[in-house]
Amino acid sequence: MKSAEYIMRYTSLTSVGLSKNADLIYRCLNATGPQQVGDLIRLLGLPSRQIRQSLDELADIGAAVPVVEQPPRANRPARTWSAGKPEAVAAEVRTIRLE
């Protein structure tokens, strides 16, 4: 049986209905470690709205988790996001595929 890391490295999250941006952000978080939304905007060149929508998609399946809440700016918390554990994400992907 293949490891969860292997499965998540070679399985696109688009195969379970997530957007291409969500897949890209998950891979970025895995490769670079925890990031704030502003960091993801600079790294990926995507608009803030798309980053936030994609993080919401990822959070729904446990593929992205907020790890640090910092003081709010402009009524928004500055969250640092991390990729979910590959084992948990791979299990969720398997569950979604079986539905």
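Fair warning: this is a prediction, and the values are worked out from it, not measured in the lab. (Residues numbered from 1 in each chain as written. Predicted model: local features only at pLDDT ≥ 70, side-chain atom pairs only at ≥ 80, totals over all residues. Heavy atoms only, no water.)

Caption draft 1: Layout of the overall build of the chain. Assigned secondary structure in the chain consists of five helices and three strands. Going from the N terminus to the C terminus, the chain shows its helices and strands as α-α-β-α-α-β-β-α. Here the chain holds 99 residues, and the buried ones make up 35% of them. Taking the intrachain contacts of the chain between residues at least 6 apart in sequence as the baseline, contacts between residues at least 24 apart amount to 55%. Element-wise, carbon and sulfur atoms account for 52% of the exposed surface of the chain, whose accessible area totals about 6,000 Å². (Helix = DSSP H or I, 4+ residues; strand = E, 2+ residues; numbered from the N terminus. Buried < 20%, exposed > 50% of the residue type's maximum accessible area, 1.4 Å probe, protein only. Contact = heavy atoms within 4.5 Å. Areas by Shrake-Rupley, 256 points an atom, 1.4 Å probe, with all protein chains shown as cover.)

Caption draft 2: Structural view of the nonpolar core. Counting residues in each nonpolar core, the largest one holds 21 residues, and the members touching the most others are Leu13, Leu29, Leu55 and Leu58. Among the secondary structure elements, those contributing two or more residues to this core are helix H2 (20–32), helix H3 (37–44), helix H4 (48–60), strand E3 (76–83) and helix H5 (86–98). (Core = buried A, V, L, I, M, F, W, Y, C linked by side-chain atoms within 4.5 Å.)

Caption draft 3: View of the packing of H2 against H4. Running from N to C, H2 and H4 cross one another at 80 degrees; their axes reach a closest spacing of 9 Å. Here H4 runs roughly perpendicular to H2, going by the angle between their axes. In this structure, H2 contributes Asn21, Ala22, Ile25, Tyr26 and Leu29 to the contact, and H4 contributes Gln50, Ile51, Ser54, Leu55, Glu57 and Leu58. A class-by-class count of the residues in the contact of H2 with H4 yields seven nonpolar, three polar and one charged. (Axes fitted to C-alpha atoms, helices over the stretch in contact; angles between N-to-C directions. Parallel < 35°, antiparallel > 145°, perpendicular 65-115°, else oblique. Nonpolar A, V, L, I, M, F, W, Y, C, P; charged D, E, K, R; others polar.)

Caption draft 4: Region of interest: the pattern of salt bridges. A full pass over the atoms with the stated rule returns two salt bridges. For arginine 27, the salt bridge is made with aspartate 23, and the minimal N-O distance between the two is 3.0 Å. Taken as a pair, arginine 27 and aspartate 23 lie in helix H2 at a separation of four residues, close to a single helical turn. For aspartate 39, the salt bridge goes to arginine 42, with nearest N and O atoms at 2.8 Å. (Salt bridge = Lys/Arg side-chain N within 4 Å of Asp/Glu carboxyl O.)

Everything listed is a geometric property; what it means functionally is a separate question.
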